[in-house]
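Residue-level listing of the chains:
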Amino acid sequence: MRTSLVYALLASPVLFAAWRTLLRRKVRGIPRNQERVLVLGASSGIGRSIALQYAASGAKVCIVGRRQSELEKVKSECVQSRKTVADNTTFASIAADFTNPEDMVRVRTEIETTWGGIDTVIVCAGVSAIQPLLANAGLENASSAKSTAQASAEDMQKAVDLVNAAAKGNFTGPLVAALAFFSSSSPSMLLVSSLAAVVPAPTRSVYAATKGAALLLYQSIAMEHPAITFSFVMPSTVEGTFRSNAIDRGDGPDVHRETRNKGLKQDAVAERCIQAVDAGEKHVFMPAIFCRTGHWLYWWMPWVTEAYARKLYGFKDA
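Our subject in this report is the structure included herewith. (Residues numbered from 1 in each chain as written. Predicted model: local features only at pLDDT ≥ 70, side-chain atom pairs only at ≥ 80, totals over all residues. Heavy atoms only, no water.)

## Description of empty space enclosed by the protein
The tally for this structure, following the rule as stated, stands at one cavity of 30 Å³ or more. Empty space within the largest cavity amounts to approximately 30 Å³. Taken together, V123, A125, G169, N170, P174, L191, V192 and K211 form the lining of the largest cavity. Among the secondary structure elements, those contributing two or more residues to the lining of the largest cavity are α5 (153-181) and β5 (188-192). Sort the elements by how many residues they give to the lining of the largest cavity and α5 lands first, with three residues. Tallied by class, residues from the lining of the largest cavity come to five nonpolar, two polar and one charged. (1 Å grid on protein atoms, 1.4 Å probe; cavity = no way out; pocket = protein on both sides within 12 Å on 5 of 7 lines; lining within 4 Å. Points joined across faces, edges and corners; volume = space filled by probe spheres on them. Helix = DSSP H or I, 4+ residues; strand = E, 2+ residues; numbered from the N terminus. Nonpolar A, V, L, I, M, F, W, Y, C, P; charged D, E, K, R; others polar.)

Right, dumping it as structure tokens:
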């Protein structure tokens, strides 16, 4: 009986993923060549790939990021990806910080002036944090069972400052974006989250907490505003240099999970994000079966997920 229950639990996420795939269908009635898309965090990574794919398929695209020079490169790529000639209002690039309310009001005003509204908002910006919480307080060896180290007030303040920096990029930014782009046109909003938001991992405590906060924020808002279609994409490791710019990296590399040439392809994640918006899907895991199984196992058999994650990230007690 117990063995059958274990098999049923393991099979459940697989069957659920298959069921969701069968039900997936295009529900939006906006032709792609009329769709007005805003991508926050479009200067690199997944956001850049999303912008390019929307541009190539005929949508109007506004890309936003903090680095104007990088935005101009992406805008040029958008123009080149378009098979037909685009006019001056087809693509826009605006240098802005999505954690700054004044910047987001400026972006909203420019879009409303140029396009008269917006149909799709992609929230794809964020920051990485890759160290254990105690290491951020200068207690690298505090995980040892024999350690008697205690954090001083200065150590704790250092950790608090790092957490606040992560929260600004991973929570405050999405919060400001949600407030700025709610409108009577009821846009679709997609939050690019992370598997870490629902399945914690060692060395990712700060990142997971701040990404999880943003995910719960948007899930709650989705219930408060049912006229707006929300989608949440939670990929596992994605290739690229996202972690190389972690706010707590210091001088040492992320030796456990360097992802420059490993993980999901950015273009594949971007394509799946666009599919989710088109189909009005609520929750999307990538890869679907692996991540849903991990999520399921964490709640039903947490010791299995915890042991696997500790091994994966090379995190062991000294």
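## Some details on the packing of aromatic side chains
To describe a pair of aromatic rings, one takes the distance between the centres and the angle between the planes. Applying the stated criterion to the full structure yields four aromatic pairs. Aromatic pair F182 and F230: ring centres 6.4 Å apart, planes at 85°, arrangement edge-to-face. One end of the pair, F182, is in the loop between α5 and β5; the other, F230, is in strand β6 (residues 230-235), and 48 residues separate them in sequence. The exposure class assigned to F182 is partly exposed, which follows from its relative accessible area of 25%. Residue F230 is classed as buried on the basis of its relative accessible area of 1%. Both rings, one in Y218 and one in F230, keep their centres 5.8 Å apart while their planes meet at 90°; by these two values the pair is edge-to-face. Placement of Y218 in helix α6 (residues 205-224) and of F230 in strand β6 is noted, with a sequence separation of twelve residues between them. Here a set of aromatic residues connected by ring pairs shows up, and it is made of F182, Y218, F230 and F232. (Phe/Tyr/Trp six-rings, centres within 6.5 Å; stacked < 30°, edge-to-face > 60°. Buried < 20%, exposed > 50% of the residue type's maximum accessible area, 1.4 Å probe, protein only.)

## A few points about helix α8 (residues 288-300)
End to end, α8 covers 18 Å across 13 residues, agreeing with the expected 18 Å (1.5 Å per residue, within 8%). Among all positions of α8, only C291, R292, T293, G294, L297 and Y298 are buried. (Expected span 1.5 Å × (residues − 1).)

## Things to note about the sheet that holds β6
Reading across from one edge, β3-β2-β1-β4-β5-β6-β7 is the order of the seven strands in this open sheet, with parallel pairing throughout. The sheet is open, and its two borders are formed by β3 (91-95) and β7 (283-286), each paired with just one other strand. Across the sheet, the mean angle separating the axes of adjacent strands is 15° when strand polarity is ignored. Two elements, β5 and β6, share four bridges in a ladder whose sense is parallel. Across the sheet, L190 pairs through a bridge with S231, a residue of β6. (Pairing = 2+ DSSP bridges. Axes fitted to C-alpha atoms, helices over the stretch in contact; angles between N-to-C directions.)

## Considerations on the packing of α8 against helix α9 (residues 302-312)
The geometry of α8 relative to α9 is characterised by a closest axis approach of 5 Å and an angle of 125° between their N-to-C directions. Taken together, the axis directions place α8 and α9 in an arrangement best described as oblique. Mapping the contact onto sequence places F290, G294, L297, Y298, W299 and W300 in α8 and P302, W303, V304, T305, E306 and Y308 in α9. Class assignment for the residues of the contact of α8 with α9 results in nine nonpolar, two polar and one charged. (Parallel < 35°, antiparallel > 145°, perpendicular 65-115°, else oblique. Contact = heavy atoms within 4.5 Å.)

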